[in-house]
Every structure is written in structure tokens, then in C-alpha cells.
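# Close look at the chain arrangement
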Amino acid sequence: MSQPLHAATLCAMLCAALFPAGASFATDTGDVARGRYLIAIGGCNDCHTPGYAQQGEKIPEAARLTGAGLGFSGPWGVSYPTNLRLAAAQTSEDEWQSRARRNGLPPMPWSALQAMSRDDLAAIYRYLRALGPAGEAAPAALAPGQAIPTPHFVFVPQPPTTTKTSSR
């Protein structure tokens, strides 16, 4: 006859599943887990983790959110996905909150960040801080008309295409 699992054992099993081995989490694990969840449902890895669109969850958590040199160009110039881990390591939580409330360059969905609660933004910050700094800073944004030295997506609206139909 098996023994029932105690709450502490269940908690330990859950933490072992959620947190990678060897990771150092100096912050509240509840906030860290919530931040991980918000990053996942917010699609942050899609742009801020190199190769995530192609490999998805195969990319180890320790290699995620390090920014990218793949740009997004449009009428605003060229923007690059920030290395969120370095950004969190280099700012206070109050600075992080303030930055999330300001608009920035496309295609970052700034309105989604602005709709988040202060607690949600704090959880994301604490998750990023728990991951620790890694990687290099993303390239600086470029003004319109500057040469683009990196691969980039072009976000420029195109006119509709029309097809000719035969008139019989």
C-alpha cells in the first residue's frame, strides 16, 4: 500500500520540474514561477530568444531571453529584441516598471506590457533576475535610412495585389 505524498514532497517535486538543476533562485519562487509563466504566454521567447521560432522548447531555459541580432525594419528604422536578462540585471525593479510603461519601437507589443499589473511586471523582472545575466547586448536601434548591417524582417505595408479576370 503506497503512502500519500505530503505537501512538502509535492512542492519539492514541482520545484524540481519547474526549475532547472543548478539554477540559483534568490528571489521568491512564487514570483519566479509566475514570471516564467507570463514570459511563456506572452510569447517573449519568440523574439527575445535566438532560434526559438525554429526550435521552441528544445532551447534550454538557460539559453533563453538573451536578445537577438535579427532586426525588424520599418518606417521607424530598425529595432532589435533586447537581451532581457542583461536589461533586468542592469536595472532596478522600479526602473524596470517605469520602462515597461513607456512606448518603444515596433514590433514590441508595448500595449501588452502596459496592460500588465505591477505585480505581473515584478514577477517577470524577478524571473529574469533569477535566470541571471547571459549573452551579449543586442545591436542598438537604427534610425530610418541607415544601412542595416544585420539580417532583418521588413515591416512595410504593401498595396493589395489585383488579379485580372478574363471577360468572356
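Above this text is the structure in question.
Description of the structure in this document.

Reading guide: rules and limits
- Residues numbered from 1 in each chain as written.
- Predicted model: local features only at pLDDT ≥ 70, side-chain atom pairs only at ≥ 80, totals over all residues.
- Heavy atoms only, no water.
- Core = buried A, V, L, I, M, F, W, Y, C linked by side-chain atoms within 4.5 Å.
- Buried < 20%, exposed > 50% of the residue type's maximum accessible area, 1.4 Å probe, protein only.
- Helix = DSSP H or I, 4+ residues; strand = E, 2+ residues; numbered from the N terminus.
- Contact = heavy atoms within 4.5 Å.
- Axes fitted to C-alpha atoms, helices over the stretch in contact; angles between N-to-C directions.
- Parallel < 35°, antiparallel > 145°, perpendicular 65-115°, else oblique.
- Nonpolar A, V, L, I, M, F, W, Y, C, P; charged D, E, K, R; others polar.

## Here's the deal with the nonpolar core
It is characteristic of soluble globular proteins that their nonpolar side chains tend to be buried jointly. Within the largest apolar cluster, 21 residues are counted, with the highest numbers of intra-cluster contacts made by I39, L65, W96, L113, I124, Y127 and L128. Taken together, the elements giving at least two residues each to this core come down to α2 (29–42), α5 (84–89), α6 (93–101), α7 (110–115) and α8 (118–131). Here the element with the most residues in this core is α8; it accounts for eight residues. In this structure, W96 is in contact with L84, A87, A88, T91, L121, I124, Y125 and L128, ignoring residues within four places of it in sequence.

## Quick notes on the packing of α2 against α8
Two numbers describe how α2 lies on α8: the axes approach to 7 Å, and their chain directions differ by 100 degrees. Classed by the angle they form, the pair α2 and α8 counts as roughly perpendicular. On α8, the residues that touch D31, V32, R34, G35, R36, L38 and I39 of α2 are D120, A123, I124, R126, Y127 and A130. Grouping the amino acids of the contact of α2 with α8 by side-chain chemistry returns seven nonpolar, one polar and five charged.

## Concerning unusual backbone geometry
In this chain, P106 is followed by P107 through a cis amide linkage whose omega measures 0 degrees. Here P107 is to be found in the loop between α6 and α7. Here L65, not a glycine, exhibits a phi torsion of approximately 65 degrees, which is positive. Here L65 shows up in the loop between α4 (52–55) and β1 (71–74).

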